[in-house]
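# Structure assessment
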Amino acid sequence: MGKYGWTLPVAASSYAGKIDFGIWLIHAAMLGIFVLWGAFFIYLLVKFRARPGHNAVREDHDDTPAHISVPDSISKFPFAQMLYKNKGELKSLIPDMVIMTFEVALIVFYAIPVWSSIKSSVPDTKDPVRVEVVAEQFGWSVHYAGPDGKLGPRKMELTHFSNPIGLDLAHPDSADDVVMGNEMRLPVDKTVLIDLLSKDVIHSFFIPEFRLKQDAVPGLSIPMWVTPNKTGKYEITCAQLCGFAHSLMRGDVFVMTQAEYDAWYQSRLATKPASAQPTNPAEAF
Amino acid sequence: MAHDNHGHHELSFTERYVFSVDHKVIGLQYLITSFLFLLVGFALMGLMRWQLAFPGSPIPFFGHLFPADLAPNGVMSGEFYNSLGAMHGTIMVFLGVVPLAVGAYGNYVLPLQIGAPDMAFPRMNMMSYWTYLPGGLLMLSSFLMPGGAAQSGWTSYPPLSIINPGQTVWLLSMVILITSSLLGAINFLVTTINMRAPGMSLWRMPVFCWAQFVTSVLLLLAFPPLEAASVLQLMDRVFHTSFYLPKDLVILGKAYAGSGGGQPLLWQHLFWFLAHPEVYVLVLPPMGIVAEIIANNTRKPLHGYKTMVFSMIAIGVMSFMVWAHHMFISGMSASLSNFFLVTTMIISVPSVALMTCLVFSLKGGSIRFNVPMLFALAFIPLFAIGGLTGLPLGLTVTDIYLHDTYYVIGHFHFVVVSGSIIALMGGTYYWFPKWYGRKMNDKLGLIHFWGSVITMCGIFGPMLFMGLGGASRRLYDPTAQLHNLPVQGWNVVATYSAYLLALFQIPFIYNFFNSMWRGEKTPENPWQATTLEWACPSPPPHGNFEKTPTVYRGPYEYSVPGRKTDFWMQTDKN
Ligand code: HEM
Ligand SMILES: [Cu+2]
Ligand SMILES: [Cu+2]
């Protein structure tokens, strides 16, 4: 297979590496924490097992608040005093503080910046590919804006078996639009701007190789973007329960060179009948 | 109540065992009922696991028992799979673990540990059980109704939940079950606040009581929003209001006849506002049990009793501010996610503190490895796996990939199964002598323990790999997607482990009922414990204590230097 395995599948988008970095870093940390604690845990179990001649010892009596005398230097600061008096208990918070520091660093230097770059902003690109993905039970319609960069408008009343997204074919913006069912073709190394919609229930647009996942919510048009950076064939799946055939709701993504992509697009346009009959993604059912 | 305190008139069988107002009987009713519901939820999963491991092949033995629309030719249908999944989650959470942790253990042990003769409102306590049971039976009965049981996951996200069959009964039973939990929660709070024995100050309460107290606050504050949200969803279904439905829905090619104007995400916010605190409801009482068992079997005070209590309170407060970490990619504002990212990392601090205290409590002890202690000790590393795997899910960026994959399923089952349920089973071994004056068999206990722990890892460990490989949850046929094929073998491992886990529950069930009548008789305080539940006869009579006990010291005075015995009960004057 190669592409897929027991851990993360092949990384095929510009931000996949950043997400993988986080996943592996955290797993390394988790493993470290687990092994260290585990070793300590086992050590305690062995060392303090009940056996003849061994008695439990309560923690150092001198450590309890009533027995700690506070140094003069902090006698004026009640809060510092309280901390000092409880130092016995507070010591156990040291591992916690270490983990917390790690988490704060993750948030500040990793999570917030990377999240913002993926979800709250779009990279500067001139002439991106513009696509609209419309989910329904149980398929995806991929609606390309075409060379004019404008998506033709959709009208609910026009929705028909032969026009699953209700594209207004009479509108000039629709002239160079193409609608595909359960298939997405993209040029490599070019940013794609996608609006994600749903006609019926909530679905989730998931391309594991791109590390791209976003719920499609009826009533909302949710913007997202991705820059595929490896040619090949990948998989679109639905990650949110959407009905009895949820597991069959899948599609293919083909990432191709710009030239191949242009040729493909022209061929689709050429075969587009005057009344434009887009493929219906739900046909399979 | 007043009546009960005067001479003990003979109670009829029904008054004593069925409509009893005695917290101990109600506790045991809850115990048996919720263990049965756990079994039912597990059986549903047994069927699903067959389909997951061997998609499209007929279910052996049982396949042909189902009506043809659910399992044509013995092969489970997609609708049936979804029903089983939704009911598994719902039954396990709302009918299994919560009633077991709170209704059973809380009810039986909390009044004893604070030295109370009963709950503050015994009749309300009875009502709480008698609302829970019909609610649960109603939930189960939905399998028999036209259209079958709910199919939209235990999370019931609209619009799916509104157009799918089965959901109406689900919503009705949820409303009933929530009512039952609210009755219980109020009772626990009032009992803890008002019914403590003289000398039992808050800071002398065992950790288990604190855990029940915080849990009750969570239930009381988190459930009402879900109750309201469920009623709204019910209206959307029954009266075609559109609280959760936007306009212009087209369902399977047909325009949906609803007014529109609603918001599907509204449900998710209300649902998770309950369901995140609910996670702590599943976890805090078992942690309390672990703390009791560890203090008792290390023969020394817990390390950081106050740190533990403050941590639980902090978790309680913070748990109301993290709900939307389940919604990072739901379509809600991306910048809002940053807020929930930060609160999620904050709540991990007290959680780690609790675990640290449990581990440090072992230090300096004289550790007895009896059966309850084994369960309590296993809780620590297994729950830690659950907690650690929560980290990449709570972090926005990594959750993009891991959300809604099997990684999530693995994560929370480590928390809830090899964490909570392991602890709850440990609690059974620990308090069994209290309930019946007899002890459960150790050999059978060991078989049950090792069998369960190992098979649990065999079920949930593989799920973490499947999730990393990108396998989504709730897939009727995982092999329909190419990227799932390399991890399909793990599904087979998980399925066989689940069946073995089922086998290893047989010694437990046998041991339980056999020991009830034939177990070795135990003295009043068999574990040589310090807390109040061991300062009255086993099983305690109606009213619990012969005379109101007085409490002289904190809960875990073990190995006090200069004393003859290594435990100093809270009720011993000197
Ligand atoms: C001990 C045996 C258990 C096994 C083998 C098991 C297995 C599973 C599996 C495989 C799934 C995923 C189903 C799917 O993706 O279609 C699942 C879902 C779930 N489980 Fe369990 N589980 C067990 C116990 C529990 C317990 C004790 C709880 C809760 C207290 C629980 C709560 C849930 C929930 C909430 C879901 C999600 C349901 C949904 O998708 O709506 N499980 N379980
Ligand atoms: Cu789906
Ligand atoms: Cu949560």
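Residues numbered from 1 in each chain as written. Chains lettered and ligands numbered in written order. Predicted model: local features only at pLDDT ≥ 70, side-chain atom pairs only at ≥ 80, totals over all residues. Heavy atoms only, no water.

## Remarks on the overall build of chain B
Scanning chain B for helices and strands turns up 17 helices and four strands. Taking 574 residues into account, the globule formula puts the C-alpha radius of gyration at 25 Å, and chain B, at 24 Å, falls close to it. Taking the principal axes of the C-alpha coordinates as reference, chain B spans close to 80 × 50 × 50 Å. Out of the 574 residues in chain B, the part that is buried amounts to 66%. Long-range pairs, those at least 24 residues apart, make up 78% of the contacts in chain B with a sequence separation of at least 6. Taken as a whole, chain B presents about 19,000 Å² of accessible surface, with 71% of it coming from carbon and sulfur. (Helix = DSSP H or I, 4+ residues; strand = E, 2+ residues; numbered from the N terminus. Rg over C-alpha atoms; globule rule 2.2 N^0.38 Å. Buried < 20%, exposed > 50% of the residue type's maximum accessible area, 1.4 Å probe, protein only. Contact = heavy atoms within 4.5 Å. Areas by Shrake-Rupley, 256 points an atom, 1.4 Å probe, with all protein chains shown as cover.)

## A few points about the site of ligand 1
All names here are of chain B. Residues in contact with ligand 1 amount to 26 residues; listed here are only the nearest, Tyr81, His88, Trp154, His413 and Arg474. Between Trp154 and ligand 1, the recorded distance is 2.7 Å, taken from a backbone N or O atom to an oxygen atom. A distance of 3.0 Å is found between an oxygen atom of ligand 1 and a side-chain nitrogen or oxygen belonging to Tyr406. Elements supplying a minimum of two residues to the shell around ligand 1: helix H3 (23-53), helix H4 (78-113), helix H14 (406-436) and helix H15 (442-468). (Near = heavy atom within 4 Å. Polar contact = N/O pair within 3.5 Å; in protein donor to acceptor, adjacent residues only side chain to side chain.)

## Some details on the coordination of the iron atom of ligand 1
Residue and element names in this part refer to chain B. Every protein donor of the iron atom of ligand 1 is listed here as His88 (NE2) and His413 (NE2), and their distances to the metal cover 1.9 to 2.1 Å. Around the iron atom of ligand 1 sit six donor atoms, and with donor-metal-donor angles ranging over 87 to 177° the site reads as octahedral. With His88 in helix H4 and His413 in helix H14, this residue pair connects regions lying 325 residues apart in the sequence. His88 gets classed as buried once you look at its relative accessible area, which sits at 12%. We classify His413 as buried; its relative accessible area is 13%. (Donors = N, O, S within 2.8 Å, 3.2 Å for Na, K, Ca; no water. Tetrahedral: all angles 85-135°; square planar, octahedral: opposite > 155°, others 65-115°.)

## Quick notes on the confidence of the model for chain A
Per-residue confidence for chain A gives a mean pLDDT of 88, with 92% of residues at or over 70. The secondary structure element of chain A with the lowest average pLDDT is helix H3 (residues 87-91) of chain A, at 72, and the one with the highest is strand S6 (residues 203-207) of chain A, at 97. (pLDDT = per-residue confidence, 0-100.)

## So, the domain arrangement of chain A
Residues and elements named next belong to chain A. In terms of domain boundaries, chain A breaks down into domain 1 (16-120) and domain 2 (129-284). Contacts between domain 1 and domain 2 engage six residues on the former and six residues on the latter. Where domain 1 abuts domain 2, roughly 440 Å² becomes buried across the two surfaces, and 40% of that area is made up of carbon and sulfur atoms. Counting across the domain 1 and domain 2 interface gives one salt bridge. The shortest N-O distance in the salt bridge between Arg211 and Asp20 comes to 2.6 Å. At the surface where domain 1 touches domain 2, the tally comes to four residue pairs in polar contact (both at pLDDT 80 or more). Among the secondary structure elements, those contributing two or more residues to the side of domain 1 that touches domain 2 are helix H1 (16-47) and helix H4 (94-120). Partitioning the side of domain 1 that touches domain 2 into residue classes produces three nonpolar, one polar and two charged. (Domains from an automatic or database assignment. Buried area = accessible area lost by both parts, 1.4 Å probe. Salt bridge = Lys/Arg side-chain N within 4 Å of Asp/Glu carboxyl O. Nonpolar A, V, L, I, M, F, W, Y, C, P; charged D, E, K, R; others polar.)

## Examining the coordination of the copper ion (ligand 2)
At 2.1 to 2.6 Å from the copper ion (ligand 2) lie its protein donor atoms, namely Cys238 of chain A (SG), Gln240 of chain A (O), Cys242 of chain A (SG) and His246 of chain A (ND1). Counting residues between consecutive donors of the copper ion (ligand 2) along the chain gives the motif C-x1-Q-x1-C-x3-H.

## Digging into the interface of chain B and chain A
Many authors give the size of an interface as the accessible area that is lost as the parts come together. Counting residues at the interface gives 100 residues for chain B and 83 residues for chain A. With both sides pooled, the region where chain B packs onto chain A buries about 7,900 Å², and carbon together with sulfur makes up 69% of that total. On the chain B side of the interface with chain A, the three residues burying the most area are Val397, Ile400 and Tyr401 of chain B, jointly 9% of the side's total. Summed over the shared surface of chain B and chain A, the number is one salt bridge. The interface formed by chain B and chain A includes 22 residue pairs in polar contact (both at pLDDT 80 or more). By residue class, the composition of the side of chain B that touches chain A is 57 nonpolar, 31 polar and twelve charged.

## Notes on the pattern of salt bridges
Residues and elements named next belong to chain A. Under the defined criterion, the tally for this structure stands at 16 salt bridges over all chains. For the salt bridge of Lys190 with Asp127, the shortest nitrogen-to-oxygen distance reads 3.2 Å. In this pair, Lys190 is assigned in the loop between strand S4 (183-187) and strand S5 (192-198) and Asp127 in the loop between H4 and strand S1 (129-136), connecting sequence segments 63 residues apart. Taking relative accessible area as the criterion, Lys190 reaches 19% and is therefore assigned buried. One network of salt bridges, in which partners are shared, links Lys233, Glu235, Arg250 and Asp252.

## Describing the pairing of S5 of chain A
All names here are of chain A. Across the seven residues that make up S5, a large majority, six, are buried. Pairing geometry for S5 and strand S8 (residues 222-226), over five bridges, is antiparallel. Within S8, the residue paired with Asp195 across the bridge is Pro223. (Pairing = 2+ DSSP bridges.)

## Some points on the sheet that holds S6 of chain A
Residue and element names in this part refer to chain A. Strand order in the open sheet formed by five strands is S4-S10-S9-S6-S7, with mixed pairing between adjacent strands. Two strands lie at the open edges of the sheet, namely S4 and strand S7 (212-216), each paired on one side alone. In this sheet, adjacent strand axes meet at a mean angle of 20° when their direction is disregarded. The pairing of S6 with S7 spans five bridges and is antiparallel. Among the inter-strand pairings, His203 is bridged to a residue of S7, identified as Ala216. The strands touched by helix H5 (residues 258-271) are S4 and strand S10 (250-256); relative to S4, the strand with the most contacts, the crossing angle is about 135°. (Axes fitted to C-alpha atoms, helices over the stretch in contact; angles between N-to-C directions.)

## Details of the environment of Ala529 of chain B
All names here are of chain B. By secondary structure assignment, the location of Ala529 is in the segment after strand S4 (520-521). Distance in space between the C-alpha atoms of Ala529 and Tyr552 is 15 Å, their sequence separation being 23 residues. Ignoring any residue separated from it by four or fewer positions in sequence, one finds Ala529 in contact with Asn296, Tyr430, Trp534, Tyr558, Phe567 and Met569.

## Remarks on the side chain of Ser420 of chain B
Residues and elements named next belong to chain B. Inspection of the secondary structure assignment puts Ser420 in helix H14. Ser420 gets classed as buried once you look at its relative accessible area, which sits at 1%. Excluding its chain neighbours within four sequence positions, the residues that come into contact with Ser420 are Val97, Leu282, Val283, Pro286, Phe379 and Val415.

## Thoughts on the sheet that holds strand S3 (residues 178-181) of chain A
Adjacent strands of a sheet pair through backbone hydrogen bonds, lying either parallel or antiparallel. All names here are of chain A. Taken in spatial order, the five strands line up as S3-S2-S1-S5-S8 in an open sheet, and their pairing is mixed. The open sheet is flanked by S3 and S8, the only strands paired with a single partner. Neighbour-to-neighbour, the strand axes of the sheet open up by a mean angle of 25°, direction not taken into account. Of the strands in this sheet, S1, strand S2 (139-144) and S3 are in contact with H5, which crosses S3 at around 100°.

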